[in-house]
Amino acid sequence: MKDIKNIKDIKNCLKNYRLKSLYVKWVIVFTGLIILAQIITMGITFLISTQDIGLQQNERLLKKVEFIKELHSKGFEVTTETIANIDVNLTFLDKDINEETNEEYSQYKDVISLSMLQKAQDGDIVSSYVEPGNFRSPFYLVLIGDKIALVTPKLEGNVILIFIKILRTSISIGSVIGSVFIVLALIVFIKPIKTVTAATREVAKGNFNVKLKTNSVNEIGQLIENFNTMTSELQKNEYLKKDFVSSVSHEFKTPITSIEGFAKLIKNRELTEEQFEEYTEIIIKETKRLSNLSSNLLKLSFLDSTGIEPTKSQFYLDEQIRNVILLLENQWEEKDIEFDIDMEEVLFEANEELLSQVWINLIQNAIKFSDKKGIIKIKLIKNLDNTILVTIQDEGIGIPSIHFDNIFDRFYKVDKSRSKEGSGLGLSIVKRIVEISKGEIYFESDFKKGTVFYVKLNKTKLK
Amino acid sequence: MVKILVVDDDNNIRKLISIFLEKSGYKTFCAEDGEEALDIMDKQQFDIVICDIMMPKLDGYELVSDIRSIDQKIPILMITAKDTFEDKRKGFLLGTDDYMTKPIDLEEMNLRILALLRRAKISIDKKIELGNICIDLESRLVVTESETIELPKKEFELLFKLLNYPKKIFTRRQLMDDIWGMDSEADERTVDVHVKRLREKFDKYEEFEIITVRGLGYKAVKKI
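Points about the pairing of strand E11 (residues 450-458) of chain A
Residue and element names in this part refer to chain A. Most of E11 is tucked away, with seven of its nine residues classed as buried. Pairing of strand E9 (residues 387-394) with E11, which is carried by eight bridges, proceeds in the antiparallel orientation. Along E11, the bridge assignment pairs Val390 with Val455. Taken together, the seven bridges between strand E10 (residues 440-446) and E11 define a ladder with antiparallel strand orientation. Bridged to Ser445 within E11 is Thr451. Joining the antiparallel neighbours E10 and E11 is a turn of three residues, in which Lys448 adopts a positive phi near 75°.

Comments concerning the nonpolar core
Membership of the largest hydrophobic core comes to 53 residues, with the highest contact counts inside it found for Trp359 and Ile363 of chain A. Top contributing element to this core by residue count: helix H10 (residues 352-368) of chain A, with nine residues. If near-sequence neighbours (up to four positions away) are discounted, Trp359 of chain A is found in contact with Leu317, Gln320, Ile321, Val324, Gln364, Val390, Ile392, Val455 and Leu457 of chain A. Grouped together as the second largest cluster of nonpolar side chains are 28 residues, Leu130, Trp180, Val191 and Phe208 of chain B included.

Let's talk about the interface of chain B and chain A
Taken residue by residue, the interface counts 15 residues in chain B and 16 residues in chain A. Across the interface of chain B and chain A, roughly 1400 Å² is buried in total on both sides, 51% from carbon and sulfur atoms. Per-residue buried area on chain B facing chain A is highest for Phe85, Arg173 and Leu216 of chain B; these three make up 42% of the total on that side. Linking chain B to chain A there are three salt bridges. Across the pair Arg214 of chain B and Glu338 of chain A runs a salt bridge whose closest N-O atoms are separated by 3.6 Å. Those elements that provide at least two residues to the side of chain B that touches chain A are helix H4 (85-94) and helix H7 (172-180) of chain B. In terms of residue count, the dominant contributor to the side of chain B that touches chain A is H4 of chain B (three residues). Taken together, the residues of the side of chain B that touches chain A break down into four nonpolar, four polar and seven charged.

Things to note about the pattern of salt bridges
Residue and element names in this part refer to chain A. Scanning the model with the defined rule gives 35 salt bridges over all chains in all. Of the charged contacts in the structure, one is a salt bridge between Lys373 and Asp336, with a shortest N-O distance of 2.9 Å. One end of the pair, Lys373, is in the loop between H10 and strand E8 (375-382); the other, Asp336, is in the loop between helix H9 (329-334) and strand E6 (338-343), with 37 residues separating them in the sequence. Overall, Lys373 belongs to the exposed group, its relative accessible area being 61%.

As for helix H8 (residues 317-327) of chain A
Among the 11 residues that make up H8 of chain A, nine are buried, leaving the element largely enclosed by the rest of the structure. For H8 of chain A, every residue scored as buried is listed here: Leu317, Asp318, Glu319, Gln320, Ile321, Arg322, Val324, Ile325 and Leu326 of chain A.

Regarding the packing of helix H2 (residues 34-43) of chain B against helix H3 (residues 60-70) of chain B
Axis angle and axis distance: for two packed helices, these are the angle between their axes and the distance between the axes, and together they describe the pair. Residues and elements named next belong to chain B. Orientation of H2 relative to H3, taken along the N-to-C sense of each, is 25°, at an axis distance of 9 Å. On the basis of the axis angle, H2 is roughly parallel to H3. For the element pair H2 and H3, the recorded crossing hand is right-handed. Note on element contacts: H3 touches H2 through Leu63, Asp66 and Ile67, opposite Gly34, Ala37, Leu38 and Met41. Looking at the contact of H2 with H3, its residues break down into five nonpolar, one polar and one charged.

Quick notes on the sheet that holds E9 of chain A
Residue and element names in this part refer to chain A. Taken in spatial order, the five strands line up as E6-E8-E9-E11-E10 in an open sheet, and their pairing is mixed. Two strands bound the open sheet, and with one partner strand each, they are E6 and E10. Geometrically, the sheet is characterised by an average inter-axis angle of 10° between neighbouring strands, direction not taken into account. Its contacts with the sheet put H8 on E6, E8 and E9, and the angle it makes with E6 is roughly 170°.

Here we look at the sheet that holds strand E8 (residues 141-143) of chain B
Residues and elements named next belong to chain B. Reading across the sheet, the four strands line up as E6-E7-E8-E9 and stay open at both edges, with antiparallel pairing between neighbours. Strand pairing shows two members of the sheet lacking a second neighbour, strand E6 (127-130) and strand E9 (148-150), which therefore form its edges. Recorded for the sheet is a direction-independent mean angle of 15° between the axes of neighbouring strands. Relative to E8, strand E7 (residues 133-136) runs antiparallel, the two sharing three bridges. Each residue of the ladder has a partner; that of Asp136, found in E8, is Leu141.

Looking at the confidence of the model for chain B
The share of residues in chain B with pLDDT of 70 or more is 100%, and the mean pLDDT across the chain is 92. ipTM for the predicted complex: 0.88, alongside a pTM of 0.66.

Description of the packing of H10 of chain A against H4 of chain B
For the pair H10 of chain A and H4 of chain B, the least separation of the axes is 10 Å and the interaxial angle reads 115°. Considering their axes alone, H10 of chain A and H4 of chain B lie roughly perpendicular with respect to each other. For the pair H10 of chain A and H4 of chain B, contact is made by Glu352, Glu353 and Ser356 of chain A and by Phe85, Glu86 and Arg89 of chain B, respectively.

Focus: the side chain of Glu251 of chain A
Residues and elements named next belong to chain A. In this fold, Glu251 is placed in helix H6 (residues 219-267). Given the relative accessible area of 12%, Glu251 is considered buried. Apart from the residues lying within four places of it in its own chain, the contact partners of Glu251 are Arg289, Leu293, Phe411, Lys413 and Ser423.

Observations concerning the packing of aromatic side chains
For the structure shown, the criterion picks out 15 aromatic pairs over all chains. For the pair Phe315 of chain A and Phe348 of chain A, a centre-to-centre distance of 6.4 Å together with 70° between the ring planes defines the contact as edge-to-face. Highlighted residues: Phe315 of chain A in strand E5 (residues 313-316) and Phe348 of chain A in strand E7 (residues 347-350), separated in sequence by 33 residues. Judged by centre distance (6.1 Å) and plane angle (70°), the ring pair of Phe408 of chain A and Phe443 of chain A falls under edge-to-face. Here Phe443 of chain A lies in strand E10 and Phe408 of chain A lies in the loop between E9 and helix H11 (426-436), a separation of 35 residues in the sequence. Look at Phe443 of chain A and you get buried, because its relative accessible area is 17%. Members of the aromatic cluster, connected to one another through ring pairs, are Phe404, Phe408, Phe443 and Phe453 of chain A. For Arg173 of chain B, the ring lying beneath its charged end belongs to Tyr316 of chain A, and the centroid distance is 3.4 Å.

Cut-offs and rules
Residues numbered from 1 in each chain as written. Chains lettered and ligands numbered in written order. Predicted model: local features only at pLDDT ≥ 70, side-chain atom pairs only at ≥ 80, totals over all residues. Heavy atoms only, no water. Buried < 20%, exposed > 50% of the residue type's maximum accessible area, 1.4 Å probe, protein only. Helix = DSSP H or I, 4+ residues; strand = E, 2+ residues; numbered from the N terminus. Pairing = 2+ DSSP bridges. Core = buried A, V, L, I, M, F, W, Y, C linked by side-chain atoms within 4.5 Å. Contact = heavy atoms within 4.5 Å. Buried area = accessible area lost by both parts, 1.4 Å probe. Salt bridge = Lys/Arg side-chain N within 4 Å of Asp/Glu carboxyl O. Nonpolar A, V, L, I, M, F, W, Y, C, P; charged D, E, K, R; others polar. Axes fitted to C-alpha atoms, helices over the stretch in contact; angles between N-to-C directions. Parallel < 35°, antiparallel > 145°, perpendicular 65-115°, else oblique. Left-handed = near helix turned anticlockwise from the far one by under 90°. pLDDT = per-residue confidence, 0-100. Phe/Tyr/Trp six-rings, centres within 6.5 Å; stacked < 30°, edge-to-face > 60°. Lys NZ or Arg CZ within 6 Å of the ring centre and 35° of its normal.

Following this line, the structure appears as structure tokens:
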């Protein structure tokens, strides 16, 4: 490691060693948790049990001590060697005793108080008290003959220590076995995640033709299922996009071809008055068409791409529709069309610009497909369930039922000749905006009798 | 001769508008950007300014702002490709009088210019003249052959608004907001009542009529 000069360096160093693998991380975490659990268990068990074991040990030792005293009173000579079979250490505390010569004494000397010695001298059997968690075994002081003996259990017989040893061994083995199992389990666990990761990388490269197999119903299974749904949607969009691009290309090239062609024809002066009129008229019409197309395409692509919530404002919906009607005055005045307007006053919250585009397109269509002196009925009602219904009805040419499924499709034109200036995008735009606004749009139409469009919107709580 | 300044950075657009306006009888001057426009305006008086928004050096918004700081009255018509509500709102807030989005219909542009010029004249003359009726802005008097009528403030403002934009349909809410203000207690009934009163006073005159457009609002039409 390079010189670590300050905290920043240490942080950077640690960052470099940051665990990059989820797998390694999990192994360490789980193994660590097992060990921690084991240690805690050990601690708890130890604390609970040693008291018990200690007391038991104390009792057994006491019995042995009493036995030794009895032996002595019966004339048996009590020395360390003679009582070797009883599994105790006997240390006579005479004047020669000191720490260096006797190991046992050195261990216990600091807990043997003068009062204890005095009591033993008086003939009592003095015992220590066993503190829980104290690895030191209990001991007794007993008067044998004229000497005080320190009686302690033999180390090998120290139950507590045995207990600790057993505990340690089982914990270690347990941890190792547990860790091995974890390592194996995680390999299996990580596998599907690795598969999904590899698949995602493929998708990111642009290859949407990726499908994963799974049998499980759990979270990983769900992830894989959703992943598959995602790729199939992406694939679908790819097709739509390619389709769209080629449609757009065609829609642009056609009028451009006309304009260029007829302009070239005009350049050649040898034209009749009528031809001149006709060709210039075509050029004007086709440019209008192009203009419509480009502005509608822009609107549509804006609607498609926006992931951002459009900004909302409060306005009167009935007033908005009135303003749209006024905006289109030229168009309906030209055809001498009358409006039958029945609108409730509704304070609404939405994106003003987007919503007005809906009315513009629908009312424009109503005007376009109406005959001269037709009537267009516009209704706006507030429903009890807090929804709003806008109805736009015309008495125009209507839509033949074979087109019903397609009229909201992009570039779809029912009557190519009548919609000469149209882009075929008006209703697609309307549908998209209504979708974004979480509303509904549907229609009814009778061929040659007229069409009604219904737009249902939700009135959100106003602040 | 009415003088019009056309400001647009596109050569063809300038040419197109200029030729069309000259054919219609106006005298036109051209500028490529806002800066040039201000230079020319220093040396010449104009009756109307037509300008684009997206131009180098000084854009349309800045130009309108600068013009308004010197001249509150000169009519300005913005002709631009920027067509969102926000763009329009910004234009009107800065002081433009009218706003058209490209591609424009030149005939329509012409009509709007005429309307702008007419309103400018009214603003300068401080009166509207219709046949034998003269409506005086300062005194709020309507002088006819047979009588002189003094109108209360709101009635006068309503009449003036409708006649200043003849044939334009105004919704009740628009009239309410413009004349009584957004915060007032007035409602659509108030507008109706005032229209009724105006009709009572002026129905007998042939010069103009206030027409109810069912479901939409009111408009004033000149009959002469």
